[in-house]
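# Report on the structure
Spelled out, the chains give:
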Amino acid sequence: MKFATPTNNRFRQESAFTLAEVLAALMFMAIVIPVGSGGAARRRRFRRSRCAQSRAARVADAILNEHIVTTNWNQAATGTVTQNGHTFQWSLRNETWPADSGMDLVTAQVDFSAQGRTFSVRLSTLENPLTLGTMTGVAQ
């Protein structure tokens, strides 16, 4: 039976990594680690912008509902809303719906900043001026 000894070549070859293997492992780690951490940063930025977009959509929904309930939907309006330290610029506009002359298209647009850029969210609804006037008791 033959035992591996320090003078045996087979022992030396199996006991350590070669310089080429060590350099290949270091180069692999130098590529993988920055790519992985960059992906995590992109996911965080994407999550933050989606949260801001969701908040802006809730603001647009609230603006649209408020102006319809108070019958101010037929007037253009602008304003600013601050929620939880975030500022949202909003605007409300009204135009005649081209498919049906008896309907109006009411659009609330909310602008917000995320990642150093400005984004917009728009929510629209169709309103019948005659029905709204009757429901709210406003004389037409």
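Residues numbered from 1 in each chain as written. Predicted model: local features only at pLDDT ≥ 70, side-chain atom pairs only at ≥ 80, totals over all residues. Heavy atoms only, no water.

## Some remarks on the overall build of the chain
Rule in force here: The helix count covers DSSP runs of H or I at least four residues long, the strand count covers runs of E at least two residues long, and both are numbered beginning at the N terminus. Type-normalised accessible area, obtained with a 1.4 Å probe on protein chains alone, sets the label of each residue: buried when under 20%, exposed when over 50%, and partly exposed for intermediate values. Whether two residues touch is decided by their heavy atoms; if any such pair falls within 4.5 Å, the residues are in contact. The Shrake-Rupley method, run with a 1.4 Å probe, gives the accessible areas here. Residue values count only the displayed protein chains as cover.
Per the secondary structure count, the chain includes three helices and four strands. Walking the chain from its N terminus toward its C terminus, one meets helices and strands in the order α-α-β-β-β-β-α. Scored against the burial criterion, the 140 residues of the chain give a buried share of 24%. Considering only contacts within the chain whose residues lie at least 6 apart along the sequence, 38% involve residues at least 24 apart. Summed over all atoms, the accessible surface of the chain reaches about 10,300 Å², with 57% contributed by carbon and sulfur.

## Regarding the pattern of salt bridges
The cut-off we apply is this: The rule for a salt bridge is simple: a side-chain nitrogen of Lys or Arg has to be within 4 Å of a carboxyl oxygen of Asp or Glu.
Applying the stated criterion to the full structure yields one salt bridge. Here glutamate 95 ties to arginine 93 by a salt bridge, and the two come within 2.4 Å at their closest N and O atoms. Classification of arginine 93 by relative accessible area gives partly exposed; the value is 39%.

## Concerning the pairing of strand S1 (residues 77–83)
This is how the line gets drawn: In this analysis, strands are considered paired if DSSP registers two or more bridges between them.
Relative to strand S2 (residues 86–96), S1 is paired through seven bridges, and the arrangement is antiparallel. Each residue of the ladder has a partner; that of valine 81, found in S2, is phenylalanine 88. With antiparallel pairing between neighbouring strands as the criterion, S1 and S2 make up a hairpin whose turn holds two residues, including asparagine 84 at a positive phi of roughly 50°.

## What about the sheet that holds strand S3 (residues 104–114)?
Two modes of strand pairing occur in sheets, parallel and antiparallel, and in both the strands are linked by backbone hydrogen bonds. Note the following rule: Interaxial angle, 0 to 180 degrees, is taken between N-to-C directions of lines fitted to C-alpha atoms, where a helix line uses only the stretch in contact.
Across the sheet, four strands lie side by side as S1-S2-S3-S4; this open sheet has antiparallel pairing. The open sheet has two edge strands, S1 and strand S4 (117–127), and neither has a second partner. Averaged over all pairs of adjacent strands, the angle between their axes in this sheet comes to 20°, without regard to strand direction. Seen against the sheet, helix H2 (residues 19–69) touches S1, S2, S3 and S4 and runs at an angle of roughly 145° to S3.

## Some words on H2
Counted only if it meets this: Expected helix span is taken as 1.5 Å per residue step, with the number of steps being one fewer than the number of residues.
Between its first and last C-alpha, H2 extends 75 Å over 51 residues, near the 75 Å set by a 1.5 Å rise per residue. Turning to H2, its buried residues are Gly39, Ala41, Ser49, Ala52, Arg55, Ala56, Val59, Ala60, Ile63, Leu64, His67 and Ile68.

Everything listed is a geometric property; what it means functionally is a separate question.
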